[in-house]
Amino acid sequence: MEIKSRMMSHELTLMHLLNCRVSFTEKEKKYFWKMRKGFEGECQFDELLAKSVPNENCLVLNDLLLEHNNTQFQLDSVLLSTSTIYVFEIKTFEGDYYIKNGEWFFCKTNNAITNPLHQMQRSETLLRQLLQQQGINSNLQIQSNLIFIHPEFTLYNSSKDSPIIFPTQLNRFMKDLGKKLTVKPNQRHMQLAEKLKSMHISRPSFENIPKYSFETIKKGISCASCRSLHVILIGGTKMHQIFCNNCGHVEEVDESILRAVKEYKLLFPDRKVTTSSIWQWCGVFKSPKVIMRVLKKNFNKVGKNRYSYFVV
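Residues numbered from 1 in each chain as written. Predicted model: local features only at pLDDT ≥ 70, side-chain atom pairs only at ≥ 80, totals over all residues. Heavy atoms only, no water.

Undergrad: Got a minute to help me understand helix α4 (residues 170-180) in this structure?
TA: The α-helix winds at 3.6 residues per turn, so residues separated by three or four positions along the chain end up facing the same way. Where α4 is concerned, the buried positions are L170, F173, M174, L177 and G178. Here the buried residues of α4 occupy an arc of 135° about the axis, which is enough to place them on one side. What points out from α4, more than 90 degrees from its buried face, is the exposed set K175 and K179. (Buried < 20%, exposed > 50% of the residue type's maximum accessible area, 1.4 Å probe, protein only. Helix = DSSP H or I, 4+ residues; strand = E, 2+ residues; numbered from the N terminus. Arc of directions from axis to C-beta.)

Undergrad: Would you mind going over the sheet that holds strand β1 (residues 2-4) with me for this structure?
TA: Pairing is mixed in the open sheet, where six strands are placed in the order β1-β2-β3-β4-β8-β10. The open sheet has two free edges, formed respectively by β1 and β10 (164-165), since each of these has just one partner strand. Relative to β10, strand β8 (residues 141-148) is paired through two bridges, and the arrangement is parallel. Paired with L146 across the strands is I164, a residue of β10. (Pairing = 2+ DSSP bridges.)

Undergrad: Mind showing me how you'd approach the nonpolar core here?
TA: Proteins that are soluble and globular tend to have nonpolar side chains buried together. In this structure, I257, L267, I278, W281, F285, I291 and L295 are the most contacted members of the largest nonpolar core, which totals 36 residues. Elements with a contribution of two residues or more to this core: α1 (10-18), α2 (26-52), β12 (241-244), α6 (253-267), α7 (275-282) and α8 (289-298). With six residues, α6 is the single largest residue contributor to this core. Beyond its immediate sequence surroundings of up to four residues, I257 is in contact with F285, V290, I291 and V294. (Core = buried A, V, L, I, M, F, W, Y, C linked by side-chain atoms within 4.5 Å. Contact = heavy atoms within 4.5 Å.)

Undergrad: Would you explain the side chain of K37 in this entry?
TA: Tracing the backbone through its elements, the reader meets K37 in helix α2. On the basis of relative accessibility, which here comes to 16%, the residue K37 falls in the buried class. There is a polar contact of 3.1 Å between the side chain of K37 and the backbone oxygen of T92. With residues up to four places along the chain from it excluded, the contact list for K37 reads T92, E94 and H150. (Polar contact = N/O pair within 3.5 Å; in protein donor to acceptor, adjacent residues only side chain to side chain.)

Right, dumping it as structure tokens:
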């Protein structure tokens, strides 16, 4: 049973929206690519877990950000069973790596990288201390595993006793895990899961978001499929649909406007939703009449004349 679902972070959502509207620096491109790749890998792990582990025999919490003694730590995926708290650290490393004297290196450059086992062990220690601090006297043991999800990952000189699960071992590991979970969690386990969920810190970071403004950002309706801004109106004089010249995706005008309003509010939470602002934001309509119709139909209007706006 999924107690806390995995959702794209607010930061990654904004980066997705900005990707087609502002010019990222090389550093920002790499950061966006790393975040997106990490999220996709975690979703891939979720799918494997759902297929292999009986839903009724475990409690799953994803993307937990917790804090102990003023130190925050991230848990990619936590699975509660009747006897064990499984903690999974998911990595999307690609390529060849090796271990030498306890340090990790990337083969292509021989550059050292942060040892992900240390990160995993640190998180496990902090989780154990946090549970003790909260007075949770659980008999559950904690078992952590470092999951490498990318099929083209190789690590040389690793110990066979390390808690690492390689891509070629992942399916077998999941099947074995599913066989271990044969008993449904009780109310005590549910209370623990809800407690962990309640301690999750929802604190979006904006340190790496590029600076932008309504005046400088590229405007236009983005394609719902490929995110391109190269869209046009089709359907004759009634203009019923939005067509993407990049991928051929077709979307109803009303749907595209509502999606544009949602993106506008995510990017500019302090700006009011007015007919004029959304008309400028969409950029493809000759007249604001269609904007006014959709806004009136779906949102509550406040004020009159040019001072009016809509509550979204």
